[in-house]
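Commentary on secondary and tertiary structure
Spelled out from the first residue to the last, the chains are:
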Amino acid sequence: MTDLSRRGALVGGAAIGTLASIHLRSAIADGVSRPALPIPHELRANTRGEIAFSARGGTVRFLAGKQTATCGYNGPFLGPALRLRRGQTVLIDFTNYLPQPTTVHWHGLIIPGDVDGGPHRPVLPGEHWRPTLSVNQPASTLWFHPHFYPTTAGQVTKGLAGLLIIDDEDTDRLKLPSRWGVDDIPLIIQDRRFRHDGQFFDRMNITVVTNGYVGDVPLVNGVSYPEAHTTRGWVRMRLLDGSNARSYVLKASDDRSLFVIGSDGGLLESPVELKQVAIHAGERFEVMVDCRSGVPFNLVTLPVEQPIMRLPPFDGPVTLVTIRPDGADGPGELPAALARLPPVSSELPPISQQLVMNMFRDEEGMMPLKKAGLMAMAKSGKTDLSAVARVAKLIVDQPELSRAAQLSANGVNGRPFALDEPFFAARRDQQLRWRISEANDRMLHPVHVHGCQFRVVSQNGKLPEPHRAGWKDIAPISQGGFSDILVRFPCPAGPHAPYMAHCHILEHEDSGMMAQFIVA
């Protein structure tokens, strides 16, 4: 690996941004009007045990005087929060009103492959899909999104994503904040880039296929720099990194503690107190903050390691949302103990499956960025506006790859994904140990495995961070490292509807960094 592709160097310093960027970075200023944080509508099963929803096109005004073509579930952008309970069986009545095929993948839900919504089950334009979902897992914050190969990234960019919340009796007994949109606040964090005509930038060129989508406008629940009015008390934030590729390092602007109470697949054993939380594409964390003082604060994101993801405005702290706890006193509490998790045995099974993430065109994708000055800017620690402009031009103006070039750019275990590629097999309902790693590149890959919630038992040979020691469905790897996971697949997945294992940088997924497997 050459210095050309080492993305660990940092880009620092300040940059002159647009007026929007200045507002995004500003501290809380009284008297400044900001949009209210949209709260997704809760959608529950009807008396027949059915939930009906659809994907359709729409338009949204993100930029002044311009309408952006979008997609959404039951609306123009993003979707409702589907609310399920452990032990419940629901029939999903989904209709695709889009002009292209799509799927609905229930990310994090432990269900058989034939209802998982992977790329083998497209829903054609005008078609209905009616899967039956049986919920048998703890309370958690999951989500749903398309998984139609190889256009997942484009459909998510347009707005197809929504939350899936599971409740259960164990969590009901805890005095956690639970009033939706009042002290239980969903935050879907995404970044977008807009063309001059107001449309979303969406192009699979070599820079994007290598680095993932690089937006320059942060959105929370589909809005730029909103504010949420909450109760005065403990506030629960359900964080979803719904970006195609970007990671975030989240903290409170006044440095108050963030208490992580849950990860991808449910509650932790006890709260983990942190000052900042890194979250990667597709991951979820449930975080509680003490707002009993009534003092407002910003949730901000700090610069991350990958140089191209530190272009303005992300070369400094960026405010994502303002929390204003100016309501009545809330009844929620932060429990000392949360959930009982099965202990991880010190006697682990041998590694039965290795998944190595491959980037076949890494050097080709990074060479123009080096010539544009991105790596020099990283080494200097200063933001060079002329280099920023050159890099932005590469992101936007490089020609789109041919479909064949796109599909062969990345892979797993030495080969790009194809719908008819050979499967590997995992034994059903048996505790397995898998190792997830990367080949020659050092980029961060948040790797998602379908059909399960697993435990990370080793990060580069060490115990996982405490807030990542609970149930997970995404294992991040970077800097040439690896994650060992302890996984069990309770449900079957056959050759006609296999499970997927893939990088959740969607541009990597759509360019071959995905493998399929059966469970029997």
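Refer to the structure presented above.
All figures in this text were calculated on a predicted structure; none of them were measured in a lab. Residue positions are given per chain, counting from 1 as you read along its sequence in written order. Local features in this predicted model are restricted to residues whose pLDDT is 70 or higher, and side-chain atom pairs enter the listing and the counts only when it is 80 or higher, whereas totals over whole chains, interfaces and linings include all residues. In computing side-chain values, all of the structure's heavy atoms are included and hydrogens and water are not.

Comments concerning the sheet that holds strand β18 (residues 276-279)
Taken in spatial order, the five strands of this open sheet run β13-β21-β20-β15-β18, and their pairing is mixed. One side of each edge strand has no neighbouring strand; the edge strands of this open sheet are β13 (227-229) and β18. When strand polarity is set aside, the average angle formed by the axes of neighbouring strands in this sheet is 20°. In this sheet, strand β21 (residues 318-324) lies alongside strand β20 (residues 297-302) in antiparallel orientation, the contact comprising five bridges. Residue Val-300 lies in a different strand from β21, and its bridge partner there is Thr-319. Strand pairing requires that DSSP identify at least two bridges connecting the strands. Only runs of H or I of at least four residues qualify as helices and only runs of E of at least two qualify as strands under DSSP, and these elements are numbered from the N terminus. Angles here are taken between N-to-C directions and fall from 0 to 180 degrees, while the axes themselves are lines fitted to C-alpha atoms, restricted in helices to the stretch in contact.

Topic: the pattern of salt bridges
Salt bridges are defined as contacts in which a side-chain nitrogen from Lys or Arg sits within 4 Å of a carboxyl oxygen from Asp or Glu. Within this structure, the stated rule accounts for 33 salt bridges. Across the salt bridge formed by Arg-361 and Glu-364, the nearest N and O atoms sit 2.6 Å from each other. Relative accessibility thresholds used throughout: buried, under 20% of the residue-type maximum; exposed, over 50%; partly exposed, between the two (1.4 Å probe, protein chains only). In this structure Glu-364 comes out as partly exposed when scored by relative accessible area, which is 41%. Between Arg-468 and Glu-465 there is a salt bridge, with its nearest N and O atoms 2.9 Å apart. Owing to a relative accessible area of 3%, Arg-468 belongs among the buried residues under this scheme. Using a relative accessible area of 35% as the deciding quantity, one classes Glu-465 as partly exposed. By sharing partners, the salt bridges in this structure join Asp-264, Glu-283, Arg-284, Glu-465, Arg-468, Lys-472 and Asp-473 into a single network.

Points about the nonpolar core
By convention a nonpolar core is built from buried Ala, Val, Leu, Ile, Met, Phe, Trp, Tyr and Cys residues, the set being connected through side-chain atoms within 4.5 Å. Among the nonpolar cores identified, the biggest contains 58 residues, and Ile-308, Leu-311, Trp-434, Val-449, Ile-485, Phe-489 and Phe-517 are the most heavily contacted of them. Top contributing element to this core by residue count: helix α7 (residues 385-397), with five residues. Between two residues, a contact is recorded if the distance between any of their heavy atoms is within 4.5 Å. Aside from chain neighbours lying at most four places away, what touches Trp-434 is Ser-352, Gln-353, Leu-355, Phe-424, Ala-426, Val-449, Ser-483, Asp-484, Ile-485, Val-487, Phe-489 and Phe-517.

Re the environment of Pro-335
Among the structural elements, Pro-335 can be located in the loop between β21 and β22 (351-359). Note: C-alpha distance between Pro-335 and Arg-193 (142 residues apart in sequence) is 40 Å. What Pro-335 contacts, discounting residues up to four positions off in sequence, is Leu-174, Leu-176 and Pro-271.

Considerations on helix α5 (residues 362-372)
When we look at burial in α5, the residues that qualify are Asp-362, Gly-365, Met-366, Leu-369 and Ala-372. The buried residues of α5 all sit within an arc of 105° when viewed along its axis, so they share a single face. Where α5 terminates, the next one or two residues include Gly-373, which has phi positive at roughly 100°. It is the directions from the helix axis to the C-beta atoms that the arc portrays.

Quick notes on the sheet that holds strand β6 (residues 105-107)
The pairing of strands in a sheet comes from backbone hydrogen bonds and takes either a parallel or an antiparallel form. With respect to topology, five strands assemble into an open sheet ordered β1-β4-β10-β9-β6, the strand pairing being mixed. Each edge of the open sheet carries a strand with a single partner, namely β1 (42-43) and β6.

Side note on the side chain of Ser-458
Within the secondary structure layout, Ser-458 lies in strand β27 (residues 454-459). With relative accessibility at 10%, the residue Ser-458 sits in the buried group. Polar contact criterion, stated in full: a pair of N or O atoms within 3.5 Å, where within protein one must be able to donate a hydrogen and the other to accept it, and residues adjacent in sequence count only if both atoms are side-chain atoms. Among the polar contacts listed, one links the side chain of Ser-458 to the backbone nitrogen of Gly-461, at a separation of 3.0 Å. Beyond its immediate stretch of four places on either side in the chain, Ser-458 contacts Pro-464, Phe-482, Ser-483 and Asp-484.

Re the side chain of Arg-310
Its place among the elements puts Arg-310 in the loop between β20 and β21. A residue counts as positive if it is Lys or Arg and as negative if it is Asp or Glu; His and the chain ends are not included. Although Arg-310 is buried, it makes no salt bridge; Asp-315 carries the closest opposite charge, 7.9 Å away. In this structure the side chain of Arg-310 is engaged in a polar contact, spanning 2.8 Å, whose partner is the backbone oxygen of Val-304.

Things to note about the state of the cysteines
Any cysteine sulfur atom paired with another within 2.5 Å is treated as part of a disulfide. Counted under the stated rule, the structure contains zero disulfides. Considering cysteine sulfurs only, Cys-491 is the nearest to Cys-452, which forms no disulfide, with 10 Å between them. Judged by relative accessible area, which is 1%, Cys-452 ranks as buried.

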